[in-house]
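An overview of the molecular structure
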Amino acid sequence: MAISQMVGASVKRREDPQLVTGTGRYVDDIPQTAIVHMHVVRSTEAHARILGIDTARAKEADGVVAVWSGKELKSEFGAPLPVTDCFVPDKKHPGHYPIAFDKVRYVGEPVAIVLASSRAAAEDAGERIEIRYESLPPVLDIEKALDKDAALLYDELGSNLSYDVKFAGGDIEAAFKEAEVTIKQRLIQQRLIPIAIEGRGVVAEYKTFSNKLTVWSSTQIPHFVKVWLAVILGIPESNVRVVAPDVGGGFGSKIRVYPEEVLTALASRRLGRPVKWIEDRNENVKATHHGRDQIWDVEIAAKKDGTVLAIRPTQWLNLGAYCSQFGTFQVLGVLVAQGAYRMKAFDGRAVGVFTNMTPTDAYRGAGRPEATYLIERVMDLVARETGIDPVEVRRKNFVRAEDQPFTTLLGLTYDSGDYTVTLDKALELVDYKAFRREQAEKRKQGKYLGIGLSTYIEICGLGPAATMQAAIGVSAWGMSVVNVHFTGKATVIIGSSPHGQGHETTYAQVASDVLGIPVEDIDVQHGDTAIGPMGMDTYGSRSTALDGNAVHISAMKVQEKARKIGAHLLEAAEGDAVYENGKVFVKGTPSKSITIQEIAVAAFQTARIPKGMEGGLEATTFFDPTNFVWPFGAHICVVEIDAETGGTRIVRYVAVDDCGTRINPMVVDGQLHGGIAQGIGQALFEEAIYDEAGQLRTGSLVDYLVPTASDLPSFELAATITPSPVNPLGTKGIGEAGTIASTPAVMNAIVDALEPFGVKDVAMPATPQKIWQLMHRNGGTKR
Amino acid sequence: MRRRVAVTINGTKHEYEVEPRLLLVNYIREQAGLTGTHVGCDTSNCGACTVELDGHSVKSCTVFAVQADGAQVTTIEGLAKGSTLHPLQQAFWDEHGLQCGFCTPGMIMAAKQLLERNPNPSEQEIRLGLEGNLCRCTGYHNIVKSIQAAAKVMAPGAERKAPAPVS
């Protein structure tokens, strides 16, 4: 790479002036005249047959334009909602349509829609719809769902099982034979609700006489939504435009083609008027997918010296009522559960089960938080069992620098990394030895400090197309267009679709670095399917590793063309001309140069460019890397447990992360802060709870606890930089690393603090009540 | 059934016939057309709808528009002077105090009141003062830094360097 001026600079975000002044534009802010408001009437039953829907009284209500039940819309769906292969191509998944026809399978499932002149009128009319249900027994427990006498969500399947698959490598029997220590442990990944602060929302405008549809949606995946609206509604894809305007957070919860996107578009087509649907929080907690909700059972084979020989994890996944679009992506948890460690054998299994609950799908990390929680708890369990310090157990089992590129027992190849370096740095920052002394002192005073490690590695940059096609059923790549205008300013179009990640700033830095055009003269556009080719959108910490590199490559192509034009204008041989900092000159004589701005003018005055060359300064790239990228790092959490209340206070949180090249370190740190906070949320506060009837008990932000400012500390961050060898910028991903790493760091710290009470595991979320009970289960006596 | 409600928002008088059940946030967004104030929950937990009502910060999803009849309201749109950002807006920009930006207007309005009541807050006082505002992106780390930075600029007697206008 050329000498960099912009890469590595904490450029302030160009997104922000609009957003801090209240002039951003989220879906609900889009002005539309003569708009019709849609209200979705949702199932109040977890599992029931629909006997009848009487809409007569609703249709008579003030302001009502139309009322339709699922059955009245059925004929318009050309296909069910999409479900991708995601590691389990032969899973069972009966088609999931945007609205229920005969049967409802979770509380919150769409049953009817009301279109009215105002949102209030639509909701009022919705109250007047009478639905008769025949209640069926709700299926609410992963294990009981597989009992022979369990009620069935889908009679045609004969059971509630969607899939039961194995992923194994090495000689597992031999490894367990060799074991001196074996441990069995159950770990619970509780159900989480993503809670982006902006819920979802859709505005759809169908133009009857041109058969054209424009949809504005609060989504992470405008390009996917475009394809599937075309398929489901039978509109030519070229007539469908999807725009993701400012999007108020996603965290995986906006990664799907959702029922309401289809229903809003369909209603607009039926009415010939624009239709708007804005999700309220009450709907959001039920109608937007949930995350996690898995049981993990693991058997560990180890030696007395702390060597881990093998693990045998089984992941039981609660799919909820339907197989969501990327629902089985969470199986990735088994595929990467080997973590940063060498071992002799791995025997993994994933079992997907239907229940009468909101579907689960990707939530920040999607499989990697579960994998990391498993393997990092395994390391601490082995440490406890063998009496060896958790730091030493990790060192003993780490993949060594000389093993790189290291291939796991399941055949995944890590790209780079020396895991001891990040660990050493984190230990030094936290002063581990001093902490252990302080911990021992405090214990004598009845105070319980704990320290927890998480030396994670994660897979992201979801990208080598062939591997992705085989594993997921979708090829994935990065896309960019770089276009230099007549006046020497540039537009960059990207295939990623940011919702807080700062791509407009970061990718302007990337293009500026290559072209020598000032960063303020480069505009980055995204989230509108009409402006550029197909994109692969934003999820899985993929954007910078793929689309960011695609920007670099497109800019390099433009640079090369500009160099040739420059040589021609300088009347120099092409081979003698060099491009540097936005200027072309003959090698050795930089004083006589021509600028990119002058070259841009010539590029459009095509008489001035070399014969046979096409005009314009534009390049498009579909970037397909040779491998995934593998960020890694060491997070260390220090907690203090209040012996009176069982409350946990995070005293310090130290994180050393290696995500390769950091284009905008300020943005990288911001991603880590938010990620760490979300992982702490899972460890300490968050849990979606259903009652025995299948009603969500944590149905508002009163009951579902999102961390507040006073629940969290400031974070102490540091970095090592190991550029990825699989892309030109050397970048890895960072959007999810914080969440992936932090949950086990916090939980290991809590278990460490409770060591005097003989506690070996604490179920998440580690509420004060749970901890207090563990401290008092033997009448408060310590070991 | 409809009631005439007059509210002065950011110095401009608005007057509309509205349903008595209309919330102040809907009055601001849909009647006055100021969409910088956001709705993030229905239960007064998230604080995205925070505005100033007669000098007190309120969650405008928990106030009926009729209750604000005759009142002075300041929203996020009322903070910048021309193209010059309010010190809190500038600080949130400088310190990367926002990502998706959805909670930001409410967060800044809450922070404004916090600093008016306590011009020199400790980190802990800032964290406690923000308990009514949820952010899912930043982990609050840079929001705390932003408010600390703004406090320095806004402190009485602080040398007030005019921030650069937004280009």
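The shown structure was predicted, so the numbers you read here are calculated from the model rather than taken from an experiment.

Cut-offs used in this document
Residues numbered from 1 in each chain as written. Chains lettered and ligands numbered in written order. Predicted model: local features only at pLDDT ≥ 70, side-chain atom pairs only at ≥ 80, totals over all residues. Helix = DSSP H or I, 4+ residues; strand = E, 2+ residues; numbered from the N terminus. Rg over C-alpha atoms; globule rule 2.2 N^0.38 Å. Buried ≥ 20, exposed ≤ 12 C-beta atoms within 10 Å, placed from the backbone. Contact = placed C-beta atoms within 7 Å. Arc of directions from axis to C-beta. Nonpolar A, V, L, I, M, F, W, Y, C, P; charged D, E, K, R; others polar. Pairing = 2+ DSSP bridges. Axes fitted to C-alpha atoms, helices over the stretch in contact; angles between N-to-C directions. Parallel < 35°, antiparallel > 145°, perpendicular 65-115°, else oblique. Left-handed = near helix turned anticlockwise from the far one by under 90°. Domains from an automatic or database assignment.

Of regular secondary structure, chain A possesses 20 helices and 26 strands. Relative to the 2.2 N^0.38 estimate, which gives 28 Å for 783 residues, the radius of gyration of chain A is 28 Å and therefore close to what a compact globule would have. Along the longest, intermediate and shortest principal axes, the C-alpha atoms of chain A span 90 × 75 × 50 Å. Each of the 783 residues in chain A was classed as buried or not, and the buried ones make up 58%. Of the contacts formed within chain A by residues at least 6 apart in sequence, a portion of 80% connects residues at least 24 apart.

Residues and elements named next belong to chain A. Those residues of helix 11 (residues 390-397) that fall on the buried side of the exposure criterion are Pro390, Val391, Val393, Arg394 and Asn397. The buried residues of helix 11 occupy an angular sector of 165° when the element is viewed end-on, so they sit on one face. On its buried face, helix 11 is in contact with strand 14 (308-320), helix 10 (368-386), helix 12 (419-430), helix 13 (432-444) and strand 16 (448-457).

What follows concerns the interface of chain A and chain B. With 42 residues of chain A at the interface, the matching set in chain B holds 46 residues. Elements with a contribution of two residues or more to the side of chain A that touches chain B: helix 1 (16-20), helix 8 (281-287) and helix 18 (665-684) of chain A. With 6 residues, helix 18 of chain A is the single largest residue contributor to the side of chain A that touches chain B. Split by residue class, the side of chain A that touches chain B holds 18 nonpolar, 16 polar and 8 charged.

Residue and element names in this part refer to chain A. Here 4 strands make up an open sheet; going across it, the order is 16-24-25-26 and the pairing mixed. The two strands at the open ends of the sheet, each matched to only one other strand, are strand 16 and strand 26 (716-719). Taken over all neighbouring pairs, the strand axes of this sheet differ in orientation by 15° on average, direction set aside. Here 10 bridges tie strand 24 (residues 632-641) to strand 25 (residues 648-658), and the two strands are oriented antiparallel to one another. Within the sheet, the bridge partner assigned to valine 638 lies in strand 25 and is arginine 652. The strands touched by helix 18 within the sheet are strand 25 and strand 26, with strand 25 carrying the most contacts at an inclination of about 135°.

The next thing to look at is the pairing of strand 14 of chain A. All names here are of chain A. Burial analysis of strand 14 places 12 of its 13 residues in the buried class, the great majority of the element. Relative to strand 15 (residues 345-354), strand 14 runs parallel, the two sharing 8 bridges. By the bridge assignment, alanine 310 is partnered in strand 15 with alanine 345.

Let's shift gears to the packing of helix 2 (residues 87-94) of chain B against helix 5 (residues 141-154) of chain B. Residues and elements named next belong to chain B. Viewed as axis vectors pointing N to C, helix 2 and helix 5 meet at an angle of 140°, and their least axial separation amounts to 8 Å. Relative to helix 5, the element helix 2 is oriented oblique. The crossing of helix 2 and helix 5 is right-handed. Residues Pro87, Leu88, Ala91, Phe92 and Asp94 of helix 2 touch helix 5, and the partners they reach there are Ser146, Ala149, Ala150, Val153 and Met154.

What follows concerns the environment of A:Ala745. Residues and elements named next belong to chain A. Tracing the backbone shows alanine 745 in helix 19 (residues 737-753). With 83 residues separating them along the chain, alanine 745 and arginine 662 place their C-alpha atoms 24 Å apart. Excluding residues within four positions of it along the chain, alanine 745 makes contact with Gly452, Leu453, Ser454, His635, Ile636 and Cys637.

Quick look at the domain arrangement of chain A now. Interfaces are frequently sized by the accessible area removed from exposure as the parts join. All names here are of chain A. By the assigned domains, chain A splits into domain 1 (32-136 + 195-287) and domain 2 (478-623). The centre of domain 1, based on its C-alpha atoms, is set 40 Å off from the matching centre of domain 2. With 16 residues of domain 1 at the interface, the matching set in domain 2 holds 13 residues. Looking at the side of domain 1 that touches domain 2, the elements with two or more residues in it are helix 6 (222-233) and strand 11 (240-243). If one sorts the elements of the side of domain 1 that touches domain 2 by residue count, helix 6 sits on top with 4 residues.

Residue and element names in this part refer to chain A. The antiparallel open sheet is built from 3 strands, whose spatial order is 20-21-22. At either margin of the open sheet sits one strand with a lone partner, and together these are strand 20 (577-580) and strand 22 (593-595). For this sheet, the mean angle separating the axes of adjacent strands, direction not counted, is 25°. Running over the sheet, helix 16 (residues 543-569) touches strand 20, strand 21 (583-586) and strand 22 and is turned about 130° from strand 20. Here helix 17 (residues 596-604) sits on the sheet and contacts strand 21 and strand 22; the angle it forms with strand 22, its principal contact strand, is near 70°.

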